[in-house]
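Structural description and commentary
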Amino acid sequence: MTIKLNSDKELVDKINKELDKNYILYGKRYCPCAIIKDDDSVCICKEFRERESNGPCNCGKYIKTL
């Protein structure tokens, strides 16, 4: 299994800005699409890391290939 950064630089930049905002507000880089702000939703979120299927994470910053 491989996790790589999305090649869409504009999307990654947008997500990084949201992660930075969350860091300023909450002290951690919580996934911008996470409703609950806890350790499981810090980027790269637990849900994505544990998923066993190919594809992007919820926000699209990372892509998993098997």
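Notes on the structure follow. Along each chain, the written sequence defines residue order, and numbers are assigned to residues from 1. Where totals are concerned, whole chains, interfaces and linings use all residues; where local detail is concerned, this predicted model gives features only for residues with pLDDT of at least 70, and gives and counts side-chain atom pairs only at 80 or more. By convention in this description, side-chain values take in all heavy atoms of the structure and omit both hydrogens and water.

Section: the overall build of the protein chain
- Strands here mean DSSP runs of E at least two residues long; helices mean DSSP runs of H or I at least four residues long; both are numbered from the N terminus. Across its full length, the protein chain carries two helices and three strands.
- When the helices and strands of the protein chain are read in sequence order from the N terminus, they spell out β-α-α-β-β.
- Against the globule reference of 11 Å for 66 residues, the protein chain gives a C-alpha radius of gyration of 12 Å, in line with a compact fold.
- In terms of its C-alpha atoms, the protein chain occupies a principal-axis envelope of roughly 35 × 25 × 15 Å.
- Relative accessibility thresholds used throughout: buried, under 20% of the residue-type maximum; exposed, over 50%; partly exposed, between the two (1.4 Å probe, protein chains only). Within the protein chain, the fraction of its 66 residues that count as buried is 27%.
- In what follows, a contact means two residues having at least one pair of non-hydrogen atoms within 4.5 Å. Sequence separation of at least 24 residues holds for 37% of the intrachain contacts in the protein chain that already meet a minimum separation of 6.
- Residue-level accessible areas treat just the shown protein chains as cover; the underlying method is Shrake-Rupley with a 1.4 Å probe. Taken as a whole, the protein chain presents about 4600 Å² of accessible surface, with 52% of it coming from carbon and sulfur. Here the globule rule reads 2.2 Å times residues to the power 0.38, and the radius of gyration is calculated from C-alpha atoms.

Describing the environment of glycine 27
- Relative to the elements of secondary structure, glycine 27 occurs in the loop between α1 (9-26) and α2 (46-50).
- With relative accessibility at 40%, the residue glycine 27 sits in the partly exposed group.
- As for glycine 27 and lysine 14, which are separated by 13 residues in sequence, their C-alpha atoms are 19 Å apart.

Describing the sheet that holds strand β1 (residues 2-5)
- We call two strands paired when DSSP finds no fewer than two bridges between them. With respect to topology, three strands assemble into an open sheet ordered β1-β3-β2, the strand pairing being antiparallel. Because the sheet does not close on itself, it has two edges, and the strands there are β1 and β2 (55-56).
- Pairing of β2 with strand β3 (residues 62-65) involves two bridges; the strand directions are antiparallel. Bridging from a neighbouring strand, glycine 55 pairs with lysine 64 of β3.

A closer look at the pattern of salt bridges
- Within this document, salt bridges are pairs made up of a side-chain nitrogen of Lys or Arg and a carboxyl oxygen of Asp or Glu, the two lying within 4 Å of each other. Tallied over the full model, the rule gives four salt bridges.
- Here lysine 9 and aspartate 13 are joined by a salt bridge, their closest N and O atoms 3.0 Å apart. Here lysine 9 and its partner aspartate 13 are both found in helix α1, four residues apart, which amounts to about one turn of the helix.
- Residues arginine 29 and aspartate 20 are paired through a salt bridge, measuring 2.5 Å at the closest nitrogen-oxygen approach.
- When its relative accessible area of 37% is taken as the criterion, aspartate 20 is described as partly exposed.

Here's the deal with the nonpolar core
- Among buried residues, the Ala, Val, Leu, Ile, Met, Phe, Trp, Tyr and Cys ones that are joined through side-chain atoms within 4.5 Å form a nonpolar core. Formed by Ile15, Leu19, Cys31, Ala34, Cys45, Phe48, Cys57, Cys59 and Tyr62, the largest nonpolar core amounts to nine residues.
- In contact with leucine 19, other than residues within four places in its own chain, are Arg29, Tyr30, Cys31, Pro32, Cys43 and Lys61.

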